[in-house]
Amino acid sequence: MTLKQIKQSIIDKLQTAFPKIKIDVRDVSNLFTAPTGRIVVMYVGGSLSLNPDNSLSYDCMDSFEISVLTRDPLATEDVIDSIETIRETLHGLKVNNNDYERLFFQDTRFEEFVAETNIYAYKMTFQVKRDKNVIGANI
């Protein structure tokens, strides 16, 4: 499954869970005029690490960041509920409909979405972990 397809499956799952919220994909147009309730999905990179269980393979991990935007960091009750729903919706989500490629929750952090905008985000990181066999694989 390509990164674009993985991202689309994340968006589809979120759009089903939040039918009244616009899910954006790195398209930040209008986010600065009406960010409240927006969810933004971004691919934030990949990494390789040697699989400790099998010296002939690597773990390929692609990270995605799900941001829930808010203008008022003090009025975040709805946002907190959304974060719990997102975590429950996406954690363990099958990628490419198989059991060995799944989306796993890593962490949540709160920070300004873009510096000096007064728009804040709870940013949740999820990773897709796939085992890549070294022999004959293009890593």
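This text gives an overview of the structure that appears in the document. The structure presented is a predicted model; accordingly, all values stated were derived computationally and were not measured.

**Points about the pattern of salt bridges**
Per the counting criterion, the structure on display carries 5 salt bridges. A salt bridge links Arg109 to Glu65; the shortest N-O distance between them is 2.5 Å. Note that Arg109 is positioned in strand β5 (residues 98-112) and Glu65 in strand β3 (residues 57-70), a separation of 44 residues in sequence. The closest approach of N and O atoms between Asp107 and Arg109, which form a salt bridge, is 3.9 Å.

**With respect to the packing of aromatic side chains**
Counted under the stated rule, the structure contains 4 aromatic pairs. Relative to Phe126, the ring of Phe105 lies with its centre 5.5 Å away and its plane at 65°, an arrangement referred to as edge-to-face. Pair noted here: Phe105 is in strand β5 and Phe126 is in strand β6 (residues 120-133), with a separation of 21 residues, a long-range link. Their ring planes at 50° and their centres at 4.6 Å tell us that Phe110 and Tyr122 sit as a pair that is tilted. With Phe110 in strand β5 and Tyr122 in strand β6, the pair connects residues that are 12 residues apart, well separated along the chain. On the basis of relative accessibility, which here comes to 37%, the residue Phe110 falls in the partly exposed class. Within the aromatic cluster, the residues linked to one another by ring pairs are Phe110, Tyr120 and Tyr122. Above the plane of the ring of Phe105 lies Arg87, whose end atom (NZ or CZ) is 4.5 Å from the centre.

Thresholds applied
Residues numbered from 1 in each chain as written. Predicted model: local features only at pLDDT ≥ 70, side-chain atom pairs only at ≥ 80, totals over all residues. Heavy atoms only, no water. Salt bridge = Lys/Arg side-chain N within 4 Å of Asp/Glu carboxyl O. Helix = DSSP H or I, 4+ residues; strand = E, 2+ residues; numbered from the N terminus. Phe/Tyr/Trp six-rings, centres within 6.5 Å; stacked < 30°, edge-to-face > 60°. Buried < 20%, exposed > 50% of the residue type's maximum accessible area, 1.4 Å probe, protein only. Lys NZ or Arg CZ within 6 Å of the ring centre and 35° of its normal.

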